[in-house]
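Structural characterization, general
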Amino acid sequence: MTTNALTSKSSTSGRAGDKIFSGAALGAGVLILITLFAVAVFLLIQALPTFLADPADISGGAGFFSYIAPIIVGTVVAAAIALLIATPVGLGVALFISHLAPRRIAGPLGYVIDLLAAIPSVIYGAWGYMVLAPALVPGYDWLATNLGFIPIFEGPASQTGKTMLTAGIVLAVMVLPIITSLSREIFLQTPKLHEEAALALGATRWEMITTAVLPFARPGIISATMLGLGRALGETMAVALVLSTGNLIPSLIKSGNQTIAAEIALNFPEAFGLRLAELIAAGLVLFLITLVVNMIARAIIARHKEFSGAN
Amino acid sequence: MAKRIDVNDLNVYYSKFRAVEGVSINIEPKSVTAFIGPSGCGKSTFLRTLNRMHEVIPGGRVEGEVLLDGDDLYGPGVDPVTVRSQIGMVFQRPNPFPTMSIKDNVLAGVKLNGKKISKSDADALVEKSLRGANLWNEVKDRLDKPGSGLSGGQQQRLCIARTIAVKPDVILMDEPCSALDPISTLAIEDLINELKNDYTVVIVTHNMQQAARVSDKTAFFNIAGTGKPGRLIEYNDTAAIFSNPEQKATEDYVSGRFG
């Protein structure tokens, strides 16, 4: 009977580190799932009375759907405005920092952008309310006069400037640093090899960016935008301060409209009973919107897996 | 097509550091010229100055002149973008664009500068370029698949196809086989032999047998020591460099006594 010389006699001592590490990693992963699950369960249970109640008892008196639909639209519109502004600007700034600016400008500029992300949202809200909104009024008047035939610019414009467009712009400023810093990191990771390949073919700097940098960074850009969108969808304070709320209207430059997050924040302190359940149901809807948006983003990234360069 | 290169007293600097000193060399059209020498001797740096690719590295600049059929690459008002579209480059590691299909990789350079190309012309050019790179038969059924799915040797030939698709006058190769297996290396060497019928080819290699196999003329570069600039030691017919070098340093290097 021979013993296998490869069987280790003290197999536990050297493996302890491995076991602790894998246990900790597993624990962290499970914790995330539990948290997410717990939040979902909480929202479902607390929101349940809303779905069981008589439609006439819900705010607005016509059921939950007609209560929530306008503020879903408001939420999506505010986030869309924010992304429409912040994505191109953010990518532009990131490209400037990573590929165009001289090093001594790029460093400090990147640092300043990161600082923007650290400003509390209530500050952005106060700034939007006190500085940005009044400053935008002449612009809104101009839009109402000259482009008023387009429903989204229908006048008369709000004379306080506390409109959906202002809220969208404030959100854009808040989302900008997220998109900028993430995409800058991705742009900097573009392999030198691919950049040189483009340049050696006779590409200008811009063409090098479009042939080598942007395609490589595509999944990262989508992720960055989604994170920004997440913040824009869920942002409470800034919208609550900047937007003069009201019913859903197409015009972005009149008072009106509402977002889910601001609706919850503004009404939560005085809510009880069914009203509280309503607000939590609204939160559940926001949760679902975010989930769907993230799944769409994943699907977009996965569709191009074959061409990601990871193979 | 296939132009000559004349370099007169070229010094290459990275910021203050002089990497290459006083190189003068005449490269004939439709020939293969090999640059050999120990690591760090400046041969790759010098190669990159021939299409202004060294300027990509911050602080890179030259003194002296590089003439392409008499036109100075560094003359006033010369755009490096134009230079690079006429003098193509193949790199040490195969670098097809990972997000593009094989076909799009071949057309990548052609579509630059806002140029439009009809679909039939594009298909013809893709086939011609891939045939020129001896790759057509291997990839003709999967032109829409990503270029990064090919083997290393195939990727390198795809890069050569991409380079010749823009119809350059000169093709520079910076150790094109150093990341490849012997079979793929052989395929590239055969290809280099065919390319010289139409192009001026300059190749940097660490492999002296390769230099002996593919080149008509060979230039030996060396440095006096760390931190000193690289210099062109000897430039002659390949046969002469390997069998009867004039310089002691060249003889020591090609006989394997150092480097």
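Residues numbered from 1 in each chain as written. Chains lettered and ligands numbered in written order. Predicted model: local features only at pLDDT ≥ 70, side-chain atom pairs only at ≥ 80, totals over all residues.

With respect to the overall build of chain A
Of regular secondary structure, chain A possesses 10 helices and 0 strands. Mapped from its N terminus to its C terminus, chain A presents α and β elements in the order α-α-α-α-α-α-α-α-α-α. Taking 19 Å as the expected radius of gyration for a compact globule of 311 residues, we find that chain A reaches 25 Å, considerably beyond that expectation. If one aligns the C-alpha atoms of chain A with their principal axes, the spans along those axes are about 90 × 60 × 35 Å. For chain A, with 311 residues in total, the buried portion stands at 38%. Within chain A, residue pairs in contact and separated by at least 24 positions form 78% of the contacts whose partners lie at least 6 positions apart. (Helix = DSSP H or I, 4+ residues; strand = E, 2+ residues; numbered from the N terminus. Rg over C-alpha atoms; globule rule 2.2 N^0.38 Å. Buried ≥ 20, exposed ≤ 12 C-beta atoms within 10 Å, placed from the backbone. Contact = placed C-beta atoms within 7 Å.)

Digging into the packing of helix H4 (residues 119–132) of chain B against helix H6 (residues 152–165) of chain B
Geometry of a packed helix pair, given as the angle between the helix axes and the separation of the axes. Residues and elements named next belong to chain B. The N-to-C vectors of H4 and H6 enclose an angle of 125 degrees; their axes lie 8 Å apart at closest approach. Judged by the angle between their axes, H4 and H6 are oblique. Where H4 crosses over H6, the two elements pack in a sense that is right-handed. Contact with H4, carried on its side by Leu 125, Ser 129, Leu 130 and Gly 132, involves Ala 161, Ile 164 and Ala 165 of H6 and no other residues of that element. (Axes fitted to C-alpha atoms, helices over the stretch in contact; angles between N-to-C directions. Parallel < 35°, antiparallel > 145°, perpendicular 65-115°, else oblique. Left-handed = near helix turned anticlockwise from the far one by under 90°.)

Some thoughts on the interface of chain A and chain B
Facing 20 residues of chain A, the contacting portion of chain B comprises 22 residues. It is helix H6 (residues 192–200) of chain A that contributes the most residues to the side of chain A that touches chain B, 6 residues altogether. Here the side of chain A that touches chain B is built from residues that sort into 10 nonpolar, 7 polar and 3 charged. (Nonpolar A, V, L, I, M, F, W, Y, C, P; charged D, E, K, R; others polar.)

Some points on the UniProt feature "transmembrane region" (unreviewed entry) in chain A
Residue and element names in this part refer to chain A. The UniProt feature table records "transmembrane region" (unreviewed entry) at residues 20–44, 64–97, 109–132, 163–182, 232–253 and 273–297. Between the first and last C-alpha atoms of residues 20–44 the distance is 36 Å; the span itself is 100% helix and 0% strand. A helix fraction of 92% and a strand fraction of 0% characterise residues 109–132, whose end C-alpha atoms lie 23 Å from each other. (UniProt positions renumbered as here; feature names shortened; annotations may be inferred.)

Considerations on the packing of helix H4 (residues 121–147) of chain A against helix H5 (residues 164–188) of chain A
All names here are of chain A. With their axes 10 Å apart at the nearest point, H4 and H5 run at an angle of 135 degrees to one another. If you check the angle between H4 and H5, you find them oblique. The element H4 and its partner H5 pack so that their crossing is right-handed. Between H4 and H5, the residues in contact are Ser 121, Tyr 124, Gly 128, Leu 132, Ala 133 and Leu 136 and Thr 166, Ile 169, Val 170, Val 173 and Met 174, respectively.

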